[in-house]
Amino acid sequence: MSKNVLFIMCDQLRWDYLSCAGHPTLETPNIDGLAKRGVRFDRAYVQSTICGPSRMSFYTGRYVSSHGSTWNGIPLKVGEMTLGDHLRPLGVRTALCGKTHMAADVEGMKRLGLAPDSRIGALVSECGFEPYERDDGLHPNSKYGKRNKNYDAFMKERGWEEENPWDSVANSGEDADGNILSGWFLDNSDIAARAADEESETPYITRRAMDFINEAGDSPWCLHLSYIKPHWPYIVPAPYHDMYPPETHLPVVRSDQEQENPHPVFGAFMNERVSQAFANDTTRTKVIGAYMGLIKQIDDQMGELMSFLDSKGLTDDTLIVFTSDHGDYLGDHWMGEKELFHDQSARIPLIVVDPSKEADQTRGTVSTAMVEAIDVVPTILEFFGGQEVSHIIEGRSLLPLMHGKREKVRNFVISEYDYSFRQARRRLGVEISDAKLTMLFDGRWKYIFAEGFRPMLFDIDRDPLELSDLGDNPDFADECDRLKTLLFQWTRRTSQRTTISDAQVEIRGADLNEAKAGIVIGFATEEDYHAALAGERVRKQV
């Protein structure tokens, strides 16, 4: 059998909403089963805390400031290599079932004469994936998403004649009088979706993933199965809609101190509409019940999918990655949505199951190594036997760690956020060019550099809930300076020279090769030049 990869991503799934990560009431036995077969990385962080740029980092293996897609809808520029670009030369079919949040660089494609409906144009438009079935779901009647005609047809076969069943059936409910209640409104989160379980998007896209695997045959494949949920609209079909009453919910993590004199950027985000909505405990309770139900539905589908792999004899040949593109505040820290860098937002679940014998020694373990979303691409590339391309991919393969060959991946993790599109920037009066936040976390200290403002600083050892910002405390000025220096070193990395490797630079810069290339500048005599051609050391010029 050929090697295969199943790269599973949930949308907006918090790291701590799995029973294997310690959630006391939400049981996720099938996802836990993956953790028992592989390694659960307990300190995994995204490169940006919003869908688009986070996913572009997942798919390129590069930091946001390297690939340039800094917010939702900002195109990934033509020429950025993605997972599919690295795998296709190895004969690996790389396909998508679900969401990418990719925005195509239409202007760049036009400039290069790439037609969107050509083979290359389609791959560039779809983030390097063969779009077996793309389903972003979000805002399907606007520029933020497009209708999935396959899903429309499926729902019509099920008897739904709705114009947009994704919106009015899968993500809406009904009251006692038959009135449709949209799941977009948070206070409708506690009602059941009109769709039956098997009609909703999580089971639907799981079945489409199975269809792809059935069609793929014996050739190697990498399938990105990308679920829309548990991202809003927070609404789930029966029986999941009322599985989790308030007594099963985690207590809210926030303090009055956070609101007394917050960092200006944090304060501005606490005033965003969605944050104000989650400050209402009634609304928050309704949302969390649905959020937990959506995760339970995903876990049940993981059980279906793993049984399917077993039945096809693929389990022992398939590397599995299970993760999320970011978390969800759910009212913690007086916040809704994601976007800032508390662990509720920036920390993600990451489970990797390597079927090889070399990984047996770490199977079922929990790693506390600091890892990043950009590590997924090099991990998959190494699994397929690809060459390391460190001048392009900034992440690091996790396989050596899983094979017991390395204990540490890096000394700190980085996450970046461009808040120029947000109302918070306008309320603060910040210029678009200055609306930048960068987090550096070294395992204890979480430092956030905010252009034009003081930094934020959290001591995770003494304040694991991140309730006390020390960024303006003079007692911690030296710590801020140390972390700022680390951040400055990181920003000076070489990240744009992606067309030639360090090894090629080393070869081309050697005396012998310069001489062979006809570069004679600097030689005092013809004798020195011929000595260099002969491979001899050039005498020191005086």
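Residues numbered from 1 in each chain as written. Predicted model: local features only at pLDDT ≥ 70, side-chain atom pairs only at ≥ 80, totals over all residues. Heavy atoms only, no water.

Looking at this structure, how should I read the pairing of strand β2 (residues 39-45)?
Two faces make up the sheet, and in a regular strand the side chains alternate between them. Most of β2 is tucked away: six of the seven residues are buried. Relative to strand β10 (residues 350-353), β2 is paired through two bridges, and the arrangement is antiparallel. Within β10, the position partnered with Val39 by the bridge is Val352. By the bridge criterion, six bridges tie β2 to strand β11 (residues 365-372) in an arrangement that is parallel. Looking at β11, one finds that Val39 is bridged to Thr365. (Buried < 20%, exposed > 50% of the residue type's maximum accessible area, 1.4 Å probe, protein only. Helix = DSSP H or I, 4+ residues; strand = E, 2+ residues; numbered from the N terminus. Pairing = 2+ DSSP bridges.)

How do you make sense of the pairing of strand β1 (residues 4-11) when you look at a structure like this?
Extensive coverage of β1 is indicated by the burial of eight of its eight residues. Side chains of β1 alternate between two faces, with Asn4, Leu6, Ile8 and Cys10 and Val5, Phe7, Met9 and Asp11 buried alike. Sheet topology note: the β1/strand β8 (residues 318-324) ladder contains seven bridges and is parallel. By the bridge assignment for β8, Met9 is matched with Thr323.

Looking at this structure, I do not really get the nonpolar core. What am I missing?
One recurring pattern in soluble globular proteins is that nonpolar side chains are buried together. Judged by nonpolar contacts, the single largest core of 60 residues is most densely connected at Ile8, Tyr17 and Phe322. Within the second largest apolar cluster, 41 residues are counted, among which are Met102, Val389, Met402 and Val409. (Core = buried A, V, L, I, M, F, W, Y, C linked by side-chain atoms within 4.5 Å.)

Explain the packing of aromatic side chains to me, please; I cannot follow it from the model alone.
To describe a pair of aromatic rings, one takes the distance between the centres and the angle between the planes. Counted by the stated rule, this structure contains 21 aromatic pairs. Note on Phe7 and Tyr59: the rings are 6.5 Å apart at their centroids and 80° apart in plane angle, and the pair reads as edge-to-face. Note that Phe7 is positioned in strand β1 and Tyr59 in helix α2 (residues 51-60), a separation of 52 residues in sequence. Phe7 gets classed as buried once you look at its relative accessible area, which sits at 1%. Look at Trp445 and Phe476: their rings are 5.9 Å apart centre to centre, the planes differ by 55°, and that puts the pair in the tilted class. Placement of the pair is Trp445 in strand β14 (residues 445-450) and Phe476 in the loop between β15 (456-459) and α18 (477-491), with a sequence separation of 31 residues. Among the residues examined, Trp445 registers a relative accessible area of 8% and is labelled buried. For Phe476, a relative accessible area of 21% puts it in the partly exposed group. (Phe/Tyr/Trp six-rings, centres within 6.5 Å; stacked < 30°, edge-to-face > 60°.)

I'm lost on the environment of Asp211 in this one. Help?
Of note, Asp211 is situated in helix α9 (residues 201-216). Residue Asp211 is classed as partly exposed on the basis of its relative accessible area, which comes to 30%. Distance in space between the C-alpha atoms of Asp211 and Ile393 is 31 Å, their sequence separation being 182 residues.

Is there a simple way to think about the pattern of salt bridges in this case?
In a structure, side chains of opposite charge can pair up when their charged atoms sit close to one another. For the structure shown, the criterion picks out 40 salt bridges. Between Arg254 and Asp281 there is a salt bridge; the shortest N-O distance is 2.9 Å. Note that Arg254 is positioned in the loop between β7 (221-230) and α10 (256-260) and Asp281 in helix α13 (residues 281-311), a separation of 27 residues in sequence. Where Asp375 meets Arg410, a salt bridge forms, and the shortest distance between an N and an O atom there is 2.8 Å. With Asp375 in the loop between β11 and α15 (376-383) and Arg410 in the loop between α16 (399-402) and β12 (413-418), this residue pair connects regions lying 35 residues apart in the sequence. Residue classification places Arg410 among the buried residues on the basis of a relative accessible area of 7%. One salt-bridge network, in which partners are shared between bridges, spans Arg40, Asp42, Asp343, Arg347, Lys446 and Glu466. (Salt bridge = Lys/Arg side-chain N within 4 Å of Asp/Glu carboxyl O.)

Whenever I open this one, helix α21 (residues 526-533) confuses me. Can you help?
Owing to its 3.6 residues per turn, the α-helix aligns residues three or four sequence positions apart on the same side. Of all the positions in α21, only Asp528, Tyr529, Ala531 and Ala532 are classed as buried. Down the axis, α21 shows its buried residues gathered within 160° of arc, on one side only. Across from the buried face of α21, at angles greater than 90 degrees, the exposed residues are Glu526 and Glu527. Phi turns positive one or two residues past the end of α21, at Gly535, with a value near 90°. (Arc of directions from axis to C-beta.)

What is the right way to read unusual backbone geometry from this model?
One can expect most non-glycine residues to show negative phi and most peptide bonds to be in trans. Residue Pro233 is reached from Trp232 by a cis peptide bond, and omega for that bond is 0°. Phi is positive for Cys127, which is not a glycine, with a value near 65°. Relative to the elements of secondary structure, Cys127 occurs in the loop between α6 (119-125) and β4 (130-134). Judged by its relative accessible area of 1%, Cys127 is buried.

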